[in-house]
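Residue-level structure breakdown
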Amino acid sequence: MNFATLRAYLAAKPGAVEDFPFDHVTLVFKVGEKMFALVATDVDPLRINLKCDPEKAEILRDCFPSVLPGYHMNKRHWNTVVLDGSIPDEDVFAMIDDSYGLVVHGLPKARRPV
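Presented here is an overview of the structure given in this document. Only a predicted model underlies this, so the values are computations on that prediction, with no experimental measurement involved.

Between its first and last C-alpha, helix H3 (residues 89-106) extends 26 Å over 18 residues, near the 26 Å set by a 1.5 Å rise per residue. All buried positions along H3 are accounted for by Val92, Phe93, Met95, Ile96, Ser99, Tyr100, Val103 and Val104. On an axial view of H3, the arc spanned by its buried residues comes to 165°, and they lie on one face. Exposed side chains of H3 directed beyond 90 degrees from the buried face belong to Glu90, His105 and Gly106.

On to the packing of aromatic side chains. All chains considered together, the criterion is met by three aromatic pairs. Residues Phe29 and Phe36 carry aromatic rings whose centres are separated by 6.3 Å and whose planes lie at 55° to one another, so their mutual orientation is tilted. Classification of Phe36 as buried rests on a relative accessible area of 0%. The interplanar angle of 80° and the centroid separation of 5.2 Å between the aromatic rings of Phe36 and Tyr100 together place this pair among those described as edge-to-face.

Analysis parameters
Residues numbered from 1 in each chain as written. Predicted model: local features only at pLDDT ≥ 70, side-chain atom pairs only at ≥ 80, totals over all residues. Heavy atoms only, no water. Helix = DSSP H or I, 4+ residues; strand = E, 2+ residues; numbered from the N terminus. Expected span 1.5 Å × (residues − 1). Buried < 20%, exposed > 50% of the residue type's maximum accessible area, 1.4 Å probe, protein only. Arc of directions from axis to C-beta. Phe/Tyr/Trp six-rings, centres within 6.5 Å; stacked < 30°, edge-to-face > 60°.

As structure tokens, then:
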């Protein structure tokens, strides 16, 4: 998966806002002011941090060698996914959808996107 495809998919999520709050290389996507994805833009292959249910996070790490505990994140609730081509794009999109869904579900109803 390339950067343009990844960025377009993340940006298309309802209410998604992109920002560089930490530095000029870590692209952060938020919904309702909460992070659901962080993309390291300065590495090859790309890496993305995604929120994940703790049990599912362990399963994904067992299934895919390129799914690691979240770099600089709570390792119980976040995974780092190395986009080296070993995971089908559909599976990466599903992980993004799960991350987005977890964050939206945790927002107060007034802050959830329509």
